[in-house]
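If you want the building blocks of each chain, they are given just below.
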Amino acid sequence: MASKKKLLFTLSVFVVLFGLVISKAFYVQVANRGKLIAYAHSQFVRKIKKYPPRGNILDRNGNPLAINIPTYTLFTIPKLNHDKMIYKDLSRIIPELSHNKILAKVKGRKNYTVLGKKLNLTTHQVEKIKDLEGIYFEKDYTRFYPNHELLSQTLGYMGSENQGLAGLELKFNKELIGSPVEIKFYRDAKGRPIKYEDNDVQLEKKSHDLVLSIDKDLQGQVEKILKDGIEENKARKAGVGIMDASTGEILAVANYPSFDSNAPKQYDDHLKRLAFLSDPFEPGSVFKTLVVAAALEEKVATAETKFYCEKGKFKIGKHTISEAEVHEQFEWLTVEDILRYSSNIGTTKIAFELNYPRMRKELLRFGMGEKTGIEIPGESKGIVSKKDNIAKISLSNISFGHGIAVTGMQLLSSYAAIANKGIQVRPTILKRKEGDTVPEKRIMEEKTAKSLEKMLVKAVQEGTGTNAIIPHFKIAGKTGTAQRVSESGGYSGYVSSFIGYPVNLPQKFVIFVYVDDPRGAVYYGNAVAAPIFKKIAQYILYKNKEFNNLAQVEEKDVKSENKNSAKFVSAKFVPNAIDKINTVNSASKSISGKAIPSFLGLDKMTSKRLAQELNLRVEHSGFGVVSGQSIDVGTPIEDDMVVKLKYSPPSYE
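The text that follows walks through the structure, step by step, so that each part is easy to find.

About the thresholds
- Residues numbered from 1 in each chain as written.
- Predicted model: local features only at pLDDT ≥ 70, side-chain atom pairs only at ≥ 80, totals over all residues.
- Heavy atoms only, no water.
- 1 Å grid on protein atoms, 1.4 Å probe; cavity = no way out; pocket = protein on both sides within 12 Å on 5 of 7 lines; lining within 4 Å.
- Points joined across faces, edges and corners; volume = space filled by probe spheres on them.
- Helix = DSSP H or I, 4+ residues; strand = E, 2+ residues; numbered from the N terminus.
- Pairing = 2+ DSSP bridges.
- Axes fitted to C-alpha atoms, helices over the stretch in contact; angles between N-to-C directions.
- Contact = heavy atoms within 4.5 Å.
- Buried < 20%, exposed > 50% of the residue type's maximum accessible area, 1.4 Å probe, protein only.

This part takes up the layout of surface pockets. The calculated volume of the largest pocket comes to roughly 1100 Å³. If you go around the largest pocket, you meet 36 residues; those closest to its centre are Lys118, Asp140, Ser160, Glu161 and Asn162. Contributions of two or more residues to the lining of the largest pocket are made by β1 (44-50), β3 (64-76), β4 (113-119) and β5 (135-144). The greatest single-element share of the lining of the largest pocket, amounting to six residues, is contributed by β5. A volume near 800 Å³ is recorded for the second largest pocket. Along its surface, the second largest pocket is lined by 34 residues, and Ser285, Glu323, Ala324, Asn344 and Thr481 are the ones closest to its centre.

Right, dumping it as structure tokens:
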């Protein structure tokens with residue numbers, strides 16, 4: 001009986017104690033919840049989100065285009081700073097934070113107070129600040145564009161809160177910014193802030209670098225050539241795009257004038273747009289190639305089909321269509337000749353044979369009226385009439401590039417399909433990785449592309465594009481000269497353009513150049529845009545060794561290489577040309593094995609090969625092509641003879 005009473009007593013005690021625990025828990029978690037939360041929050045000095053360093057943006061070769069530089073945010077808790085001398089000590093360490101400025105910031109403040117943001121501090125300054133009790137800092141990063149204006153309209157720029165506001169910085173902000181870490185500052189027993197980093201935050205999505213298809217060196221050269229072209233032609237602005245036809249990679253793209261991404265607020269908004277893909281324009285005669293392509297695809301004509309070109313004047317209703325030059329009075333021209341001489345009346349006749357519904361169908365297949373899908377924000381889809389049919393005069397205008405609006409990127413993509421045997425590859429600003437699936441589609445038959453390429457070669461060699469001719473290379477291309485749509489309505493001035501590519505290369509690069517409102521002595525595409533194309537193409541042909549050894553060597557030239565009259569193709573662009581040469585006359589490069597040859601004009605690779613042929617030692621200095629040699633041409637070769645070669649950048653004109 002006694003044991004039963006003890007058991008009940010013990011049980012009662014446990015029930016009472018358990019009830020007290022439950023009551024306390026209820027009081028803490030429910031009744032007093034708000035007060036305790038407020039108390040907990042009072043222990044925080046500050047809670048912030050900190051992002052990892054933003055991902056870098058690099059060119060295809062790993063060169064930096066957008067990087068981060070370390071900066072520091074200084075702060076203090078004024079009510080905890082009993083020794084006010086620390087502010088004077090801080091001003092000595094960082095002179096730009098004067099003592100008066102600091103006192104003004106902390107005046108009337110008790111809690112978290114920022115003393116300076118995005119400060120560039122040396123390691124020595126940081127170490128000194130660590131010794132100041134009551135002064136705290138957070139290391140952060142500021143976006144920096146080391147090349148300033150280079151590619152700025154594509155890269156975009158940043159806002160003050162680590163957010164991309166334009167260009168690739170905006171498009172890929174999520175990948176570049178990564179995931180934040182939550183950082184809290186608690187009070188310790190003495191009320192001092194203690195930093196605590198929350199390691200429970202998921203950090204699976206860290207910041208990632210962005211590798212572009214752009215070649216920084218090529219981009220820089222293109223922007224310089226473009227700037228010079230604008231100044232020479234007194235133009236309003238201009239644009240260039242270069243695309244690898246087989247991969248869709250954009251190797252360079254630019255508009256000038258531009259802006260510096262490090263200081264975007266100092267520039268007008270229109271300078272920050274990549275007009276090459278955001279601002280559609282009437283393309284003029286470069287568009288004729290697509291009309292001819294449509295005719296070939298729809299089987300309404302072949303390259304040999306003839307059209308009567310009305311001796312330079314063609315009346316359509318109340319309107320009269322003329323050729324670009326009043327002296328041009330063409331009669332019967334083949335389709336090939338129409339493209340070669342850029343006949344407005346000829347393309348009008350072709351368009352009439354096509355009719356608008358069929359032309360529109362083909363133009364849409366080529367990508368007109370649709371965005372190309374490139375990853376740069378702000379792309380326009382251009383303007384193509386959606387009507388089932390249009391007036392004859394409108395159809396005529398469209399046939400030679402008026403009454404329709406396209407972007408530079410659309411034209412670049414379309415001509416790249418011609419260079420790529422009829423297969424169009426979606427343009428990309430990102431470097432293709434090995435094994436990537438390349439998004440492509442066939443937009444014309446291979447025989448159509450080959451026929452167009454032959455026509456475009458003749459348009460350069462014998463037609464309107466002669467200023468794009470590059471010695472020893474076969475260039476396919478087309479000029480354009482369009483009336484310019486004025487900002488106030490109507491037409492004012494011209495847009496001059498040229499688009500083309502060197503043929504017979506393993507990787508064909510297509511270049512489109514347009515110059516807006518040239519106000520110099522001339523304005524035709526051949527006079528204004530073709531020379532810019534030529535300079536850019538020559539730079540690429542020199543820079544890329546894989547292109548150099550594929551310069552045009554006509555079969556008849558090779559067959560004509562006799563004992564002392566072999567034709568030598570300029571080694572300025574053809575470092576491996578020597579592989580095709582057995583003997584060369586004394587005016588060229590002698591490789592008889594008995595005398596010192598002329599190395600002038602050769603690049604380093606070719607110089608080495610020539611020296612190896614002769615068992616001759618050479619020393620190299622500088623870069624580019626050989627501009628000088630230490631031993632005269634014709635000097636007998638002796639044992640242990642060393643020829644010193646000096647290299648200089650080549651001249652393209």
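This part is about the sheet that holds strand β21 (residues 625-629). Judged by pairing direction, the sheet is mixed, and its three strands sit side by side in the order β20-β22-β21 without closing on themselves. Edge positions in the open sheet fall to β20 (617-622) and β21, since each of these has one partner strand only. Between one strand axis and the next, the sheet turns through 35° on average, direction left out of account. Summarising the sheet, β21 and strand β22 (residues 642-648) pair through four bridges and their orientation is antiparallel. Bridge assignment links Val626 to a residue of β22, and that residue is Tyr647. Set on the sheet, helix α21 (residues 604-613) makes contact with β20, β21 and β22; between it and β20 the angle comes to about 170°.

Before going further, it helps to examine the side chain of Gln153. Looking at the element boundaries, Gln153 is found in helix α6 (residues 152-155). By relative accessible area, Gln153 is classed as buried at 7%. Not counting chain neighbours up to four residues away, the residues in contact with Gln153 comprise Ala254, Asn255, Pro257, Ser258, Phe259, Leu271, Lys272, Arg273 and Leu274.

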